[in-house]
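Descriptive analysis of the structure
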Amino acid sequence: MVSQIGLIIAKEWKLEWRNRSAIAGLSVYILSGLYISYLSFKKIADPATWNALFWILILFMAVNALAKSFMTESRGLQLFYYTFLNPQVVIIGKIIYNGVLLFVLGLLTLLFYTILLGNPVQDIFMFLITLFAGCFGISSVLTMISAIASRAGHQSSMMAILGFPVLLPLLIILIHLSKNAIDGIEFSVNVKYLTLILSLNLIVPALAFILFPYLWRE
Amino acid sequence: MFYTLIAGFLLPVPELPILNETIRNLYFHVTMWFAMITHMVISIAYSIKFLTNSELKNDMKAEQYSQTGMVFGVAGLITGMIWAKFTWGAFWVNDTKLNGVAAAMLMYAAYFILRNATDDENKRAKLSAVYLVFAFPLMMAFIFILPRMTDSLHPGNGGNPAFGQYDLDNNMRMVFYPAIFAWTLLGLWITTIRIRIKNLWNETNLSE
C-alpha cells in the first residue's frame, strides 16, 4: 500500500512536470496576486493585517491549485485507477502530493511577500511549522472537496462555495497560531493550538479515507 | 408549546443587572440551538445510513431534517441577535460562537447549493451525503471545542459562569426544560409531516 501511494505521488509529479504550464500559471497567479496587494497596501504596519492578508493569499492560491486535482483526469485514467488501485491509495497519495505542492508554493509566497511587504515575524520556526501544518490541513480538506466538486460539475465556483465554510475553523486556528508566531509568544502557549491543528490534520484525512470510496463508485 | 409561550412571557424571572427582562429570551434563543443540533445530528445519521444502504428515502429524510434544522438555526440567530443588541450593545460581535454558527449556516447553504447543482438523483444523494458527513466533524470542532479554548461573551466560556450556576431559579427551570422539549418536538413533528408530503408527492408523480 505504501509503495502504491508512492507510485501515485510520483505519477502526479511526472504529470505536473511534463506539463509545466499549470505550475507556471500558479506561480504567476501568486506573483500577480502579491503585486496587487503590494500596490493596494504599499506598506503594512500592523502585524495582524500582514498575517490576515498572507493567509487570504494562501487560501486563494490553494483553491486554485487544487481545483484541478481531479478535473484533469480523463475518463480512461479513472478507469485505470479503478481497476488497479484501491480508492484509499488514490486519495491519500493525492493529499500528500497536494500538501507538499501547497507547502512549496506557500514558501514561495512567503519569500515574495517578505520582499515586497516586509516580514514582522519574530519566531520564524514556529511560523514555518504553522505553514506546514496548515498546508497539509488545507490540502486534505480541499482534495476531498475537489473530488466532490469534480463529480458535481461547475468546478471552480463549486470549489469555493463548498470549500470555504469547511476551511473556516481550520483557518481561524491557523491565523491565531501564526499571529502568536509573529509576536514571538512562548512555545508552551501554542501547544494547545498545535495539538488541535494536528488532530484536525489526522481527523480530516481519516474522514477522506473513509468517505472517498463512496464517491469513487459511480 | 403553549405552556412555553405563556409561561415564558408571564412567570416571574430573577432580576439581574444588564439582562433584566431579556432573560426571558433564554426560553427561545437557547432552546432554538437545542432543536437545531438535534435536527442536524438526525440528518447526519440519515446521511450515514444512506451511504451504507444507498436508499434514496434516507437521503430525502436527511435533506428534510437539515432544512428544518436550518430554519431553527436562522431563528436562533435572529433571537440571539436581538438579545445581543440589548445586552452586549450590538447585533453582531466577534465572538467564537457566532463565528461558528455563521460557518455552519454557510456550510448548510453550500449543502443546499450542491444539491441543486446536480441533476442526477443518485449522484446528488451520494455527493451531498459525503459532503455533509465530511463537513460535520469540522463544524463540531468549531462549535464545541474552539469556544472552550478562547474567550467568548457567552455564558460558560472564557471565564464567564454558565447560566445554571446562579441565575436559573426553579421557576425558570420549570419553563426552560419543557421549552427545550417543546421546540425540538415541534421541529421533529414539522419534519415528519414534510417527509410524508414528499412521499405522497413522489408516489403521485410516479403513478402519473
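Within chain B, the secondary structure is distributed over seven helices and zero strands. Ordered by position from the N terminus, the helices and strands of chain B form the series α-α-α-α-α-α-α. Each of the 208 residues in chain B was classed as buried or not, and the buried ones make up 50%. Within chain B, counting contacts between residues at least 6 apart in sequence, those at least 24 apart form 75% of the total. Roughly 10,400 Å² of accessible area belongs to chain B as shown, and the carbon and sulfur atoms make up 66% of that amount.

Before going further, it helps to spend a moment on the packing of helix α2 (residues 21-41) of chain A against helix α5 (residues 87-117) of chain A. Residues and elements named next belong to chain A. Running from amino to carboxyl end, α2 crosses α5 at an angle of 30 degrees, the nearest separation of the two axes being 10 Å. Between α2 and α5, the interaxial angle falls into the category roughly parallel. Note on packing geometry: the crossing formed by α2 with α5 is right-handed. Here Ile23, Leu26, Ser27, Ile30, Leu31, Leu34, Tyr35, Tyr38 and Phe41 of α2 lie close against α5, whose contacting residues are Leu101, Leu105, Leu108, Thr109, Phe112, Tyr113, Leu116 and Leu117.

Taken together, the 28 residues of chain B in the interface contact 30 residues of chain A. Together, the buried faces of chain B and chain A total about 2,600 Å²; carbon and sulfur atoms form 85% of this surface. At the boundary of chain B with chain A, the tally comes to zero salt bridges. Contributions of two or more residues to the side of chain B that touches chain A are made by α2 (26-53), α4 (96-117) and α5 (121-149) of chain B.

The next subject is the environment of A:Ala208. The residue A:Ala208 is located in helix α8 (residues 187-216) in this model. According to the relative accessible area criterion, A:Ala208 is buried, its value standing at 0%. Remark: the alpha-carbon pair of A:Ala208 and A:Ile92, spanning 116 residues in sequence, is separated by 8.2 Å. Leaving out residues up to four positions away in the same chain, A:Ala208 has contacts with A:Ile91, A:Ile95, A:Met144, A:Pro213 and B:Phe134.

All right, on to helix α1 (residues 2-18) of chain A then. Residues and elements named next belong to chain A. In this model α1 runs 24 Å from its N-terminal to its C-terminal C-alpha over 17 residues, within 8% of the 24 Å that 1.5 Å per residue would give. When α1 is considered as a whole, its buried residues turn out to be Ile5, Ile8, Lys11, Glu12 and Glu16. For α1, the buried positions fall inside an angular range of 130 degrees around the axis, keeping them on one side. Residues of α1 that are exposed and point over 90 degrees away from its buried face: Val2, Ser3, Leu7, Lys14 and Arg18.

Here the focus is α5(A). Over its 31 residues, α5(A) extends 43 Å from the first C-alpha to the last, a length consistent with the 45 Å expected when each residue adds 1.5 Å. Immediately beyond the C-terminal end of α5(A), within one or two residues, lies A:Gly118, with a positive phi of roughly 80 degrees.

Moving on: a nonpolar patch on the surface. A cluster of nonpolar side chains, namely A:Leu107, A:Ile124, A:Phe125 and A:Leu128, defines an oily patch on the protein surface of about 360 Å² accessible area. With three residues, the top contributor of residues to the nonpolar patch is helix α6 (residues 124-152) of chain A.

Residues and elements named next belong to chain A. It is the contact of α5 with α8, at a shortest axis distance of 8 Å, that shows an interaxial angle of 130 degrees. Judged by the inter-axis angle, α5 sits oblique to α8. Where α5 crosses over α8, the handedness of that crossing is right-handed. Between α5 and α8, the residues in contact are Pro87, Gln88, Val90, Ile91, Ile92 and Ile95 and Pro205, Ala208, Phe209, Phe212, Pro213 and Trp216, respectively. For the contact of α5 with α8, the class distribution of residues is eleven nonpolar, one polar and no charged.

Here the focus is the environment of A:Tyr81. Residue and element names in this part refer to chain A. By the element assignment, Tyr81 lies in helix α4 (residues 75-84). Note on Tyr81: relative accessible area 3%, which makes it buried. Along the sequence, Tyr81 and Ile8 sit 73 residues apart, while their C-alpha atoms lie 9.8 Å from each other.

The next point concerns the confidence of the model for chain B. Residues and elements named next belong to chain B. Looking at chain B, pLDDT values average 69 and 60% of them are 70 or higher. Mean pLDDT across the elements of chain B bottoms out in helix α6 (residues 163-166) (46) and peaks in α4 (80). Taken together, the stretch residues 10-21 has pLDDT below 50 and engages in 20 contacts with residues farther than four places along the chain or on a different chain. Counted against residues more than four places away or in other chains, residues 156-166, with its pLDDT under 50, gives 24 contacts.

Looking now at the environment of A:Ile148. Residues and elements named next belong to chain A. Tracing the backbone shows Ile148 in helix α6. Classification of Ile148 as buried rests on a relative accessible area of 0%. Separated by 64 residues in sequence, Ile148 and Phe212 place their C-alpha atoms 9.0 Å apart.

Given two aromatic rings, one states the distance between the centres and the angle between the planes to describe the pair. Summed over the entire model, instances satisfying the criterion amount to 13 aromatic pairs over all chains. Ring centres 6.2 Å apart and planes at 75 degrees place the aromatic pair B:Tyr108 and B:Tyr111 in the edge-to-face group. With a gap of three residues between them, B:Tyr108 and B:Tyr111 both fall in helix α4, about one helical turn apart. By relative accessible area, which is 2% here, B:Tyr108 ends up buried. Using a relative accessible area of 0% as the deciding quantity, one classes B:Tyr111 as buried. Linked through ring pairs, A:Trp50, A:Phe54, A:Trp55, A:Tyr113 and A:Phe127 together constitute an aromatic cluster.

Cut-off values and rules
Residues numbered from 1 in each chain as written. Chains lettered and ligands numbered in written order. Predicted model: local features only at pLDDT ≥ 70, side-chain atom pairs only at ≥ 80, totals over all residues. Heavy atoms only, no water. Helix = DSSP H or I, 4+ residues; strand = E, 2+ residues; numbered from the N terminus. Buried < 20%, exposed > 50% of the residue type's maximum accessible area, 1.4 Å probe, protein only. Contact = heavy atoms within 4.5 Å. Areas by Shrake-Rupley, 256 points an atom, 1.4 Å probe, with all protein chains shown as cover. Axes fitted to C-alpha atoms, helices over the stretch in contact; angles between N-to-C directions. Parallel < 35°, antiparallel > 145°, perpendicular 65-115°, else oblique. Left-handed = near helix turned anticlockwise from the far one by under 90°. Buried area = accessible area lost by both parts, 1.4 Å probe. Salt bridge = Lys/Arg side-chain N within 4 Å of Asp/Glu carboxyl O. Expected span 1.5 Å × (residues − 1). Arc of directions from axis to C-beta. Patch = residues over 30% accessible without salt bridge, like charges linked within 9 Å, V, L, I, M, F, W, Y side chains within 5 Å. Nonpolar A, V, L, I, M, F, W, Y, C, P; charged D, E, K, R; others polar. pLDDT = per-residue confidence, 0-100. Phe/Tyr/Trp six-rings, centres within 6.5 Å; stacked < 30°, edge-to-face > 60°.

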